[in-house]
Amino acid sequence: MMAAALSLLFLMILTVITVLAFKEQESVAAADYEYAGASRPADGNVLQAEDTIARNTTAAPIREWEGRRNVMRWEEGDVMEWDVNIAEASAYELSVGYYPLEGNGQDIEFQLLVDGERLTGNGEPFELNRVWRDESGALKQSRGNDLRPKQVEQPMWLESKIIQPGGQGGPLLMELSQGKHRIRIENVRESAVVDYLQ
């Protein structure tokens, strides 16, 4: 009986200490978070947009776009192709530096080919995401109830690692042998400005 009373007293003291020690964190609206555009990579195998194979590329060159020079406007149906020299046989991940252009709000979808072979057997496209934020300003119904804010696109330069289609299996790993390879990206849906592949 005495042990049960001591246990109950201990739990009550612990509860009081926990309540007194609790400090609520200041809430921050999602719109207040800082977004920062991705910077150009300094090392690794970087395939600049301006270095595409001109005869096989249908994307349009742009001198300057949002602080980046010599980039490519990559719209639905456009193709970009590079030759890359691989120094060491290995499994490589691939990232894309891009700026999503205004569209209908869907992810940018594309096919990826290495040496003429699609990297997905079922033809499912790879995806590049967009960035969204809450529209500013309070939204209330006529009765005073709060409403969920509308989502608006936050255009910016992004770098995204290419993930297996459907989000299964994590990042794409391309097994590349030593020597020359051709990498091709074919835009299936939506548009972007592409700066580089890495």
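Look up: the structure comes first, before these words.
Residues numbered from 1 in each chain as written. Predicted model: local features only at pLDDT ≥ 70, side-chain atom pairs only at ≥ 80, totals over all residues. Heavy atoms only, no water.

**Examining the layout of surface pockets**
- By volume, the largest pocket is sized at about 180 Å³.
- Lining the largest pocket are twelve residues; nearest its centre among them are Asn45, Tyr92, Glu93, Leu94 and Gln198.
- Mapped onto the lining of the largest pocket, the elements with two or more residues apiece are strand S4 (79–86) and strand S13 (174–176).
- Tallied by class, the residues present in the lining of the largest pocket amount to eight nonpolar, three polar and one charged. (1 Å grid on protein atoms, 1.4 Å probe; cavity = no way out; pocket = protein on both sides within 12 Å on 5 of 7 lines; lining within 4 Å. Points joined across faces, edges and corners; volume = space filled by probe spheres on them. Helix = DSSP H or I, 4+ residues; strand = E, 2+ residues; numbered from the N terminus. Nonpolar A, V, L, I, M, F, W, Y, C, P; charged D, E, K, R; others polar.)

**Topic: the pattern of salt bridges**
- Taken as a whole, this structure holds twelve salt bridges when the rule is applied.
- In this structure, Lys180 engages Asp83 in a salt bridge whose closest nitrogen and oxygen atoms are separated by 3.7 Å. Taken as a pair, Lys180 in strand S14 (residues 179–189) and Asp83 in strand S4 lie far apart in primary sequence, 97 residues in all.
- A salt bridge links Arg130 to Glu153, with the nearest nitrogen and oxygen atoms 2.7 Å apart. One end of the pair, Arg130, is in the loop between strand S9 (126–128) and strand S10 (132–134); the other, Glu153, is in strand S11 (residues 151–153), with 23 residues separating them in the sequence.
- Taking relative accessible area as the criterion, Arg130 reaches 7% and is therefore assigned buried.
- Within this structure, Glu81, Asp83, Arg118, Lys180, Arg182, Arg184 and Glu186 form a network of salt bridges that share partners. (Salt bridge = Lys/Arg side-chain N within 4 Å of Asp/Glu carboxyl O. Buried < 20%, exposed > 50% of the residue type's maximum accessible area, 1.4 Å probe, protein only.)

**A few points about the environment of Glu93**
- Here Glu93 shows up in the loop between strand S5 (90–92) and strand S6 (95–100).
- Glu93 sits 82 residues away from Glu175 along the chain, and the two C-alpha atoms are 9.1 Å apart.
- The residues contacting Glu93, other than those within four sequence positions of it, are Lys161, Pro171, Leu172, Leu173 and Gln198. (Contact = heavy atoms within 4.5 Å.)

**Considerations on the side chain of Asn187**
- Within the secondary structure, Asn187 is located in strand S14.
- Within polar-contact distance, the side chain of Asn187 engages the backbone nitrogen of Arg189 at 3.0 Å.
- Not counting chain neighbours up to four residues away, the residues in contact with Asn187 comprise Trp74, Glu75, Glu76, Gly77, Asp78, Ile108, Glu109 and Phe110. (Polar contact = N/O pair within 3.5 Å; in protein donor to acceptor, adjacent residues only side chain to side chain.)

**Things to note about the packing of aromatic side chains**
- Under the definition given, this model contains four aromatic pairs.
- Aromatic side chains Trp65 and Tyr99 sit 6.0 Å apart centroid to centroid with 80 degrees between the ring planes, which places their arrangement in the edge-to-face category. Taken as a pair, Trp65 in strand S2 (residues 60–65) and Tyr99 in strand S6 lie far apart in primary sequence, 34 residues in all.
- Look at Trp65 and you get partly exposed, because its relative accessible area is 24%.
- For Tyr99, a relative accessible area of 9% corresponds to the buried category.
- Among the aromatic residues, those joined into a ring-pair cluster are Trp65, Tyr99 and Trp157.
- Over the ring of Trp157 we find Arg68, and its NZ or CZ is 4.5 Å from the ring centre. (Phe/Tyr/Trp six-rings, centres within 6.5 Å; stacked < 30°, edge-to-face > 60°. Lys NZ or Arg CZ within 6 Å of the ring centre and 35° of its normal.)

**Quick look at the environment of Gln151**
- Here Gln151 shows up in strand S11.
- We classify Gln151 as partly exposed; its relative accessible area is 40%.
- When the C-alpha positions of Gln151 and Arg133 are compared, they lie 5.6 Å apart, and in sequence the two are 18 residues distant.
- When residues no more than four places from it in sequence are discounted, the contact partners of Gln151 are Trp132, Arg133 and Asp134.
- Here the side chain of Gln151 touches Asp134 through a polar contact of 2.4 Å, side chain to side chain.

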